[in-house]
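# Structural overview
The chain contents come next:
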Amino acid sequence: MKTTVRALLIAIVSLSSLVGSNLAIGGTVFNYQTAKTDPNDLSFYQPPITSEPYPLTSAKKVKNVIFLIGDGMGFNQVALAGAAVAGPSGKLHLERLPVSGLMRTHSSNSLVTDSAAAGTALACGVKTNNGMIGMTPDEKAYVSILEGAQAKGMATGLIATSTISHATPASFGSHIKSRKLEPAICEQLIDNRINVLFGGGRKFFLPQSDPNSGRKDDVDLLARAKAAGYACIQTPAELRMADASHVLGLFQLDALKTREPEPSLAAMTRKAIRILRKAGRQSPEDRQGFFLMVEGSQIDWECHANRAAGVIRQTLLFDQAVEAAVDFALRDGNTLVIVTADHETGGLTLVGGDNEDKGAAELTVKWGTKGHSAAPVGIWALGPGAARFSGTQDNTEIPKKIAQLLGIRPFPRLVR
Amino acid sequence: MSERRTIVRVGAAYGPAVRVGDLVRSGDPMQTVPDTDELIVAPVSGTVESVQFDPADHEFVIVIASPC
């Protein structure tokens, strides 16, 4: 029977190789066709109309940097999402970036990193132990690439679909011994006067007297943010209207639900670019550009749960943000876009694929673990300086290369 | 016969070493952390009733049911 399904994905949860031989193979089945009629509907996503790479640029000066990180997004997460919506020959937007490479992800104390150590490597250019944020294992704090850009007069922003104080965004805007200390991380994010903070985690900004608070003290961070000049918003309508140079957008008490009526990651990215572009122009040095980090936080979470459908959806939501960034970069001409992951989650492999019926793909999805893996991840780049990100590299090299392109020296360097 | 439930939380960077339905004895490994000697063990004997990922704390929450 001829199938109209573009991708039929059979997810077999296999908990064998990495977590001990005592775990037998279990099984779940995911049918992409039925997924289109349930809450996992992917019709929100438009795959690229071509698989041709985006153009290379002849521009040399990097004015703006947009750094997009898919948490837990290994090569096979990208391949799975691509096969689901574009068939075996199709590409996601991120795969159309003209330069690609490989990145190794180990941390100071483990071949298998967590997002704190990986985020620190990507932000500060130094290795640390799992769980630590923005500092080396001996607790020496290092300047992040965001802070380096800010010191140079650039506007800065962080976006995540987790709480804004989760490990990856925290690594770019704070320095602390443990990723678990989210209330303190939020204080540092505000005190660092990062122009744009979009994500979840409003509970950490509320004093303990508020029934929705996630704090154990009386610090009212929303009040502190307002006093520091932030426009504090929490709805899509407020996001559309936001016009300040500093905007704190917290759209949930906890992590985002990544569903309407929340703004999508792409919508937050587009708005952040507009705000940062304007703020960069208003800086004392005038037209200093901006640095923006965007995280698709929940790819990792779906991988931890070994849910193929969720991985596809979250990867596509992330890819929409990549498309938004590329759209701006191609028009601007002096914007470097870098897309990578902090690590792979789930030990995901794709096997047993038949390729029949002109594009219909049948893939067997196998999971090696419910944790992270040590697999290298991909890196893709577009814009001036993009060629520097080709080949195989360590995760600590990424911010060093960005620093070179932006003229941030020395880097890495200690926080004074 | 009534049961009591014991919750064990382990970091999610590494997968849990147990799955739902496993019988564990007190002291059995719940998670082994590679590259270190760190070992998280079951505080009680019983049956693993659930293993859930908690994204907020980036941990697995393992519930062990044991007879009172």
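Above this text sits the structure in question.
We now turn to the structure provided with this report. The structure displayed is predicted, hence computed values, not measured ones.

## Details of the sheet that holds strand 9 (residues 335–341) of chain A
Residues and elements named next belong to chain A. With mixed pairing, 10 strands are arranged side by side in an open sheet as 6-7-5-4-8-2-9-14-3-15. Strands at the two margins of the open sheet, each flanked by one partner only, are strand 6 (231–233) and strand 15 (391–394). Neighbour-to-neighbour, the strand axes of the sheet open up by a mean angle of 15 degrees, direction not taken into account. As judged from the four bridges shared by strand 4 (residues 155–163) and strand 5 (residues 196–200), these two strands associate in the parallel manner. Bridge pairing links Gly157 to Val196 in strand 5. In the packing of helix 11 (residues 308–332) onto the sheet, the strands contacted are strand 2 (64–70), strand 8 (290–296), strand 9 and strand 14 (377–382), and the crossing angle to strand 2 comes to about 170 degrees.

## Notes on unusual backbone geometry
A negative phi angle characterises most non-glycine residues, just as the trans form characterises most peptide bonds. Residues and elements named next belong to chain A. Note that the residue after Arg409, namely Pro410, is joined by a cis bond; omega there is -10 degrees. Tracing the backbone shows Pro410 in the segment after helix 12 (397–406). That bond from Phe411 to Pro412 is cis: its omega, 0 degrees, falls within 30 degrees of zero. Looking at the secondary structure, you find Pro412 in the segment after helix 12. Even without a glycine there, the phi angle at Glu139 is positive, about 70 degrees. Within the secondary structure, Glu139 sits in the loop between helix 3 (115–124) and helix 4 (145–151).

## A word on the nonpolar core
Counting 121 residues, the largest nonpolar core has Val337 and Ala381 of chain A as the members making the most contacts within it. No other element matches helix 11 of chain A, which puts 13 residues into this core. Those residues in contact with Ala381 of chain A that lie beyond four places of it in its chain are Leu97, Val99, Leu336, Val337, Ile338, Ala386 and Phe389 of chain A. Residues Tyr14, Val18, Met30 and Val48 of chain B belong to the second largest nonpolar core, which totals 17 residues.

Thresholds applied
Residues numbered from 1 in each chain as written. Chains lettered and ligands numbered in written order. Predicted model: local features only at pLDDT ≥ 70, side-chain atom pairs only at ≥ 80, totals over all residues. Pairing = 2+ DSSP bridges. Helix = DSSP H or I, 4+ residues; strand = E, 2+ residues; numbered from the N terminus. Axes fitted to C-alpha atoms, helices over the stretch in contact; angles between N-to-C directions. Contact = placed C-beta atoms within 7 Å. Core = buried A, V, L, I, M, F, W, Y, C linked by C-beta atoms within 7 Å. Buried ≥ 20, exposed ≤ 12 C-beta atoms within 10 Å, placed from the backbone.

Everything listed here is a matter of geometry and, on its own, says nothing about what the molecule does.
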